Amino acid sequence: MARPGSGALVSVNGLGYPPQNLARVVVWEWLNEHGRWRPYSAAVCHHIENVLKGDARGTVVLGQVDAQLTPYIIDLQSMHQFRQDTGTMRPVQRNFYEPSSAPGKGVVWEWENDNGSWTPYDMEICVTIQNAYEKQHPWLDLTSLGFCYLIDFNSMAQTNRQSQRKRRLRRRMDLAYPLIMGSIPKSQSWPVGASSGQPCSCQQCILVNSTRAASNAILASQRRKLYGGGAAAGGNASGASTATVRQSNTFSGTTLWSPSSSASSAPNKNNIISAAGGHTKAEQVQTPLSAANFPCSPALPTLSASHGHHHTLTINGQNNLNRPGTQRISMGAARGAIPPGVPALPVKNLTGSGPVHPALAGMTGILMCAAGLPVCLTRAPKPILHPPPINKSDMKPVPGVNGIRRKTKKKHLRRGKNPEDVVRRYTDKIKVVPDEDCTICMERLVMSSGYEGVLQHKGIKPEFVGKLGKCGHMYHLLCLVAMYNNGNKDGSLQCPTCKAIYGEKTGTQPPGKMEYHVIPHCLPGYQDSKTIRIVYDIPAGIQTAEHPNPGKKFSARGFPRHCYLPDNDKGRKVLKLLIMAWDRRLIFTIGTSSTTGESDTVVWNEIHHKTEFGSNLTGHGYPDPNYLDNVLTELLAQGVGEENLKD
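Residues numbered from 1 in each chain as written. Predicted model: local features only at pLDDT ≥ 70, side-chain atom pairs only at ≥ 80, totals over all residues. Heavy atoms only, no water.

1. Remarks on the overall build of the protein
Selection criterion: Helix numbers and strand numbers start at the N terminus; a helix is a DSSP run of H or I with at least 4 residues, a strand a run of E with at least 2. Here the term buried applies to any residue with accessible area under 20% of the maximum for its type, exposed to any over 50%, and partly exposed to those in between, with areas from a 1.4 Å probe on protein chains only. Working rule for contacts: check all heavy atoms of both residues, and any pair within 4.5 Å makes them a contact. For the accessible areas, the method is Shrake-Rupley and the probe is 1.4 Å, while residue cover comes only from the protein chains on display.
Regarding its fold elements, the protein presents 10 helices and 33 strands. Looking at the protein as a whole, 44% of its 647 residues are labelled buried. In the protein, the share of contacts with a sequence separation of at least 24, taken over all contacts with a separation of at least 6, comes to 66%. Summing over all exposed atoms, the protein offers an accessible surface of approximately 32900 Å²; the carbon and sulfur share of this is 53%.

Written out as structure tokens, the structure is:
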């Protein structure tokens, strides 16, 4: 039963469905790794509802309405969110609130996270905060919802009651969530047959439709075998087991089916549906206990008719597929109950060694499970990121490398060098100018620089042309000055055509430390060598003038970061060059994470590292026979080559 005044709809007629004439606001949510239901935005919910109206068994492509959700789709039949590039699945649900609640008014409450951006509260908490705000309460205690936070509306701050840490919060207006009338559609088994509407020709829909067609053919074949041979089996039709179903008052999809062996008092009882705390007799439907009736067959053991008693089936009200504890238990029980011959279909397999692409495997698993076909959803292997525990006495210095630690110097090179002096140092003045383009300003070299009138430097006229010493490429000297002023201004110059580096290139890596030592374990593919472990540690801080947003905070996620090299001649050479790159502040920079999309954070700077110790599931581990050669090439592109090493 919902808390009075919370804004959540109360289950009113025993089925979890409000009356036909009651309006309600729809909020779609997904289950995160912490077991919390996180709401989609109002725009995404409108998009899902529009697709749901057209085909209740269809697929929702979230990238059509939110570019950040491009990899994700929702399968409405199985009620799961599916990430196409990794095959990861998460349960989704369709929740309902009163029109006068926060989602119905388009009110969003958010808290400020560590990197200065805003994160919306769970919808249940948002509704509760808005309810207290409208009643003009000075503060709100969230302990009753399981959170040790105190909301102060006067200061608009959230305080952790244990740590006393305060965070800002804000209330903003957004698009109202979709409002619907009438009965809530029920989750149905996937019928054999074509859906209405014109089929889409995109690659995702082609994949979905082809998989559906294959599943429908298999399901039809199974049904023919099931009902065609039922009479010969000698089973009593009137003795078919019935199912007791427990549903929540949200439109959740496929859940984990847990069979029990409790005897039923009569063979043909009415189905019982329990909703939000009440047991009520519902539709007069008799459900035979067969694989065709179950959304997910792996958890269903083979039931023999010779037992002489009937079985009751229970569905949990909340989908727990992504909760680690229940997943381990349920998957273990499912494997033990799978009859011989049922295929094991991997949901997530990033090694690339399997015969099935991870996205195709995950999508096929969703669709076959929704069709009632026997599919075993296997757990993907976890990457081995770290070696076994190591005593400090077992960590040894790397042979041939001085010391075990380096610290970033905040200013590696003296700055403030005169741009004209740097350009003149690496160029030779050309007297006879060829009739070709300057690739910086795209003007002819025989003409004046495109920066004429924009830049003025004594001693460098717009028509002067210079040739770089090593590579021989020619440019207007004024264009080279403009390029230098737009760079790191560290006394080095890089040819924009061939990327040849003149001088010593340095980067904008924030202060931190680098440690390295040998550990007594071997990497996959290097069984005859020990391992060099590198540990990078960079704290969060404030950006300086050389960074994208001077004066603004930057975050440092995932530190300390552990990286690994084989302890052989080439591995030690790579380590020496990495130490040189660290001293030149080239390993990291501040930018936008390509993984999370977070801005103003410490990211890798085009020099790849191996962060998996004992596996290669993410592509950042071993074995990788080409890695050492590849990283040497990447270091050379940054101006860190073997010729820089001292004997």
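2. Considering the sheet that holds strand β27 (residues 513–519)
Adjacent strands of a sheet form backbone hydrogen bonds with each other and so pair up, either parallel or antiparallel. The condition is simple: Strands are treated as partners if at least two bridges between them are detected by DSSP. In this analysis an axis means a line fitted to C-alpha atoms, helices contributing only their contacting stretch, and an angle means the value between N-to-C directions, from 0 to 180 degrees.
The strand order β21-β27-β28-β31 describes an open sheet built from 4 strands, whose pairing is antiparallel. Either end of the sheet is taken by a strand with one partner, and the two such strands are β21 (405–407) and β31 (561–566). Across this sheet, the average inter-strand angle for adjacent strands is 20°, counted without regard to direction. Pairing analysis gives 3 bridges linking β21 to β27, with the strands arranged antiparallel. The partner of K407 across the bridge, within β27, is K513.

3. Observations concerning helix α7 (residues 419–426)
Helical geometry: 3.6 residues make up each α-helical turn, so side chains three or four residues apart lie on a common side. This is how the line gets drawn: The directions from the helix axis to the C-beta atoms form the arc being described.
Residues of α7 that are buried: P419, E420, V422, V423 and Y426. In an axial view of α7, the angular spread of the buried residues amounts to 165°, which keeps them on one side of the axis. Where α7 is buried, its residues meet β22 (427–429), β23 (465–468), α8 (477–485), β25 (493–494) and β26 (501–502).

4. Some details on the packing of aromatic side chains
Test applied: Ring geometry is summarised as follows: Phe, Tyr and Trp rings, the Trp one being its six-membered ring, pair when their centres sit within 6.5 Å, and such pairs are stacked at plane angles under 30 degrees, edge-to-face over 60 and tilted between the two. Consider the ring centre and the ring normal. A charge sits over the ring if Lys NZ or Arg CZ is within 6 Å of that centre and within 35 degrees of that normal.
Tallied over the entire structure, the rule returns 12 aromatic pairs. With a centroid separation of 5.4 Å and an interplanar angle of 65°, the aromatic rings of F559 and F588 are classed as edge-to-face. Linking F559 in the loop between β30 (553–554) and β31 with F588 in strand β32 (residues 588–591), this pair joins segments that are 29 residues apart in sequence. Both residues of the pair, F559 and F588, count as buried. Each member of the aromatic cluster is reached from another via a ring pair, and the members are Y536, F559, W582, F588 and W604. Over the face of the ring belonging to F464 we find K429, whose NZ or CZ atom lies 3.7 Å from the ring centre. Taking NZ or CZ as reference, R561 lies 4.3 Å from the ring centre of F559, over its face.

5. Topic: the side chain of H609
In plain terms, the rule: Counting of polar contacts relies on pairs of N or O atoms within 3.5 Å, with two restrictions inside protein: one atom must be capable of donating a hydrogen and the other of accepting it, and residues adjacent in sequence are counted only when both atoms are side-chain atoms.
Inspection of the secondary structure puts H609 in the loop between β33 (601–604) and α10 (627–637). Polar side-chain contacts of H609 include one of 2.9 Å to the backbone oxygen of I607. If sequence neighbours within four positions are ignored, H609 has contacts with Y536, C563, L578, I587, W604, H620 and Y627.

6. Overview of α8
Within α8, 7 of the 9 residues are buried, which leaves it mostly tucked inside the rest of the structure. Where α8 is concerned, the buried positions are L477, L478, C479, L480, V481, A482 and Y484. If you follow the buried residues of α8, they end up packed against α7, β22, β23, β24 (474–476) and β25.

7. Considering the pairing of strand β11 (residues 157–160)
Here β11 shows two buried faces, one formed by A157 and T159 and the other by Q158 and N160. Bridge analysis of strand β10 (residues 149–152) against β11 gives 4 bridges, and the strand direction is antiparallel. Residue Y149 lies in a different strand from β11, and its bridge partner there is N160. The turn linking β10 back onto β11 is made up of 4 residues, and M156 within it adopts a positive phi angle of 50°. In the sheet, β11 pairs with strand β12 (residues 166–173) via 3 bridges, with the strands oriented antiparallel. Pairing of T159 across the sheet is with K166, part of β12.

8. Focus: the sheet that holds β23
Strand order across the open sheet formed by 3 strands is β22-β23-β24, with antiparallel pairing between neighbours. Of all strands in the sheet, those bounded by a partner on one side alone are β22 and β24. Along the sheet, successive strands turn relative to each other by an average axial angle of 35°, direction set aside. Two strands pair when backbone bridges link them, and β23 and β24 are joined in this way by 3 bridges, in the antiparallel orientation. Bridging across to β24, G466 finds its partner in Y475.

9. Considering the packing of helix α9 (residues 569–583) against α10
Filter applied, for reference: Put simply, angles under 35 degrees are roughly parallel, angles over 145 are roughly antiparallel, angles from 65 to 115 are roughly perpendicular, and the rest are oblique. Note on convention: the crossing is left-handed when the near helix lies turned anticlockwise from the far helix by less than a right angle, right-handed when the turn is clockwise. Polar here means any residue other than Ala, Val, Leu, Ile, Met, Phe, Trp, Tyr, Cys and Pro, which are nonpolar, and Asp, Glu, Lys and Arg, which are charged; Gly is therefore polar.
The interhelical angle for the contact between α9 and α10, taken along N-to-C directions, is 25°, at an axis separation of 10 Å. By the angle between their directions, the pair α9 and α10 is classed as roughly parallel. You can see that α9 and α10 cross each other, and the crossing is left-handed. Between α9 and α10, the contacting residues are K570, G571, K573, V574, L577, L578 and A581 on the first element and L628, D629, V631, L632 and L635 on the second. Classifying every residue of the contact of α9 with α10 by side-chain character gives 8 nonpolar, 1 polar and 3 charged.

Everything listed here is a matter of geometry and, on its own, says nothing about what the molecule does.
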